[in-house]
Protein chains: 2
Amino acid sequence: VNPDVDARTHPYIATALATSKFGIPAARARAAYRLIAALPGLRAQGLACHIGSQISQVRPFVEAARKLRALFLALREDGHALTRLDLGGGLGVPYRDADEPATPAAYGRALAGALRGLDVQLLFEPGRLIVANAGLLLSRVILTKQGEGARRFAVIDAGMNDLLRPALYQAEHAVEPVVEAAGRKRRIDVVGPVCESADVFTKQRMMTALAAGDLVAIRSAGAYGMSMASSYNARPRPAEVLVDGARARLVRERETLEALLDGETI
Amino acid sequence: VNPDVDARTHPYIATALATSKFGIPAARARAAYRLIAALPGLRAQGLACHIGSQISQVRPFVEAARKLRALFLALREDGHALTRLDLGGGLGVPYRDADEPATPAAYGRALAGALRGLDVQLLFEPGRLIVANAGLLLSRVILTKQGEGARRFAVIDAGMNDLLRPALYQAEHAVEPVVEAAGRKRRIDVVGPVCESADVFTKQRMMTALAAGDLVAIRSAGAYGMSMASSYNARPRPAEVLVDGARARLVRERETLEALLDGETI
């Protein structure tokens, strides 16, 4: 159900707008459940909504939960034996140090208040919140260069094909040297080697000097990272390593150049 | 070399800006060639530029060619035996019927004028112009639905993972039914099945009605189509078919779900 809540989010990750392809408008929900009840092969089990992604405040979720609660009760009054309410995902992930989205605890408290007394099984979809900051993209500086004026670039061996979010959503991922050099910080553009202006991870970030061979970590790459990776520019996709305390284990092999041609015939 | 030409193009495909990661500023070129001449393992062969992509007029190319010509002659006067001048790519592809970029013939005439008398081998990189309109993405309508008000959607089985350009560059690709239905045209949003608001191929396009099972062609998908495709949303990448007159031949097999897990271990 599309509860039409003002989600204050990037247009690409706002899902509950009147112009969106998703869901069924709330005003048509009761008719849809009547249709389900009339069909022999279907049985309605619950009600689900998704109001958008990367929402930093609890207010839109509470507003959605109240609307869902009212609709859920109306559907039960209509005779539908609904047992589940899926409130979707969307709670924001802190991608930068300055980000302070509502905490899962505050989110939980607010929703518990809005849904108090409702006899229902609640479902949530917090995948991004769980995995985004559990992963990072490790990359090595290929070269540094100076552009026009004093503009400094560090070209790394990861590109937009490996992590699309900065190019696709103008997402800002923290980029940090794995071992911080001594010396004062300067503004650096950290860019990939792909032949596109969009292949930029961070612009004018204050960092200590980077040199060829240095490792950098691109943070918060656990969600929408490898799952959106491509082999654009004939770049095989990176390996994936699972780190568990002091142990590290390869869980996906680095893609090979040969694999890019798999299934091709002339 | 970055000739710093006003390319009037999408920021992501403008390459010759002062803030860009690409190239060497023209003002530093002579020093760079002196360095090359002083190094034992290198010999400068030529000069190359790339001013951007999807440029619809010849004027920026002529301006770049004039700057390159002057720099090329200055480098020869400095004693560098240059034999090649690479003018890059960038001539716009007509993606929509209304697009009327300069023709290759007009581009050629203008550059021939700007470079007349220069004794040099010219190189060009017109890949996109050659292949973009040579390919299309064929897709089938999964379902149609009505959103808020009278907004009509056709959900097709191709998504942003198959053709990223609309989501990444706000690119407009013509979308057409393979067999046009009778009846009047209405505004339709043609969207993919991926769980993102960006997964939209065209909004409010005037088309005759689409029905589940209909085939649609997304035009101009020959460049930056399959090369940027990913398996996002666990969607195997499509097959590629080469059409030569009345003959058609599979040249790349449809990716399998199993292949998405290749190289993964637990």
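None of the values given here were measured: they were computed from a predicted structure.

Undergrad: Just checking my understanding: could you explain the interface of chain A and chain B for this structure?
TA: It is common to report an interface's size as the accessible area lost on association of the parts. Chain A puts 54 residues into the contact, and the matching count from chain B is 54 residues. Summed over both sides, the interface between chain A and chain B buries roughly 4200 Å², with carbon and sulfur atoms accounting for 45% of that surface. Viewed at the interface, chain B and chain A are joined by four salt bridges. Across the salt bridge formed by Asp199(A) and Lys21(B), the nearest N and O atoms sit 3.0 Å from each other. For the side of chain A that touches chain B, a count of residues per class yields 25 nonpolar, 15 polar and 14 charged.

Undergrad: Help me understand the sheet that holds strand S4 (residues 137-146) of chain A in this model?
TA: To summarise the sheet geometry, strands pair through backbone hydrogen bonds and adopt either a parallel or an antiparallel arrangement. Residues and elements named next belong to chain A. Strands sit in the order S6-S9-S4-S5-S7-S8 across an open sheet of six strands; the sheet is mixed. Because the sheet does not close on itself, it has two edges, and the strands there are strand S6 (175-177) and strand S8 (200-207). Each strand of the sheet is rotated relative to its neighbour by a mean of 35°, with strand direction disregarded. Where strand S5 (residues 152-156) and strand S7 (residues 186-191) come together, three bridges link them in parallel fashion. Following the sheet pairing, Phe153 is matched in S7 by Asp189.

Undergrad: Which parts of the structure should I look at to understand the sheet that holds strand S6 (residues 175-177) of chain B?
TA: Residues and elements named next belong to chain B. Taken together, six strands build an open sheet; the order of strands is S6-S9-S4-S5-S7-S8 and the sheet is mixed. Sheet topology places S6 and strand S8 (200-207) at the edges, where each strand pairs with a single neighbour. Strand after strand, the sheet turns through a mean of 35° between neighbouring axes, direction not considered. Pairing between strand S4 (residues 137-146) and strand S5 (residues 152-156): five bridges, direction antiparallel. Paired with Lys145 across the bridge in S5 is Phe153.

Undergrad: Sorry, what's going on with the packing of helix H1 (residues 29-38) of chain B against helix H2 (residues 59-77) of chain B here?
TA: Axes are the key here: two packed helices are described by the angle between their axes and the distance separating the axes. Residues and elements named next belong to chain B. At a minimum axis distance of 10 Å, the contact between H1 and H2 shows a crossing angle of 40°. In this structure, the crossing between H1 and H2 has a hand that is right-handed. Touching Ala29, Arg30 and Tyr33 of H1 are Leu71, Ala74 and Leu75, all from H2. For the contact of H1 with H2, a count of residues per class yields five nonpolar, no polar and one charged.

The rules we used
- Residues numbered from 1 in each chain as written.
- Chains lettered and ligands numbered in written order.
- Predicted model: local features only at pLDDT ≥ 70, side-chain atom pairs only at ≥ 80, totals over all residues.
- Heavy atoms only, no water.
- Contact = heavy atoms within 4.5 Å.
- Buried area = accessible area lost by both parts, 1.4 Å probe.
- Salt bridge = Lys/Arg side-chain N within 4 Å of Asp/Glu carboxyl O.
- Nonpolar A, V, L, I, M, F, W, Y, C, P; charged D, E, K, R; others polar.
- Pairing = 2+ DSSP bridges.
- Helix = DSSP H or I, 4+ residues; strand = E, 2+ residues; numbered from the N terminus.
- Axes fitted to C-alpha atoms, helices over the stretch in contact; angles between N-to-C directions.
- Left-handed = near helix turned anticlockwise from the far one by under 90°.

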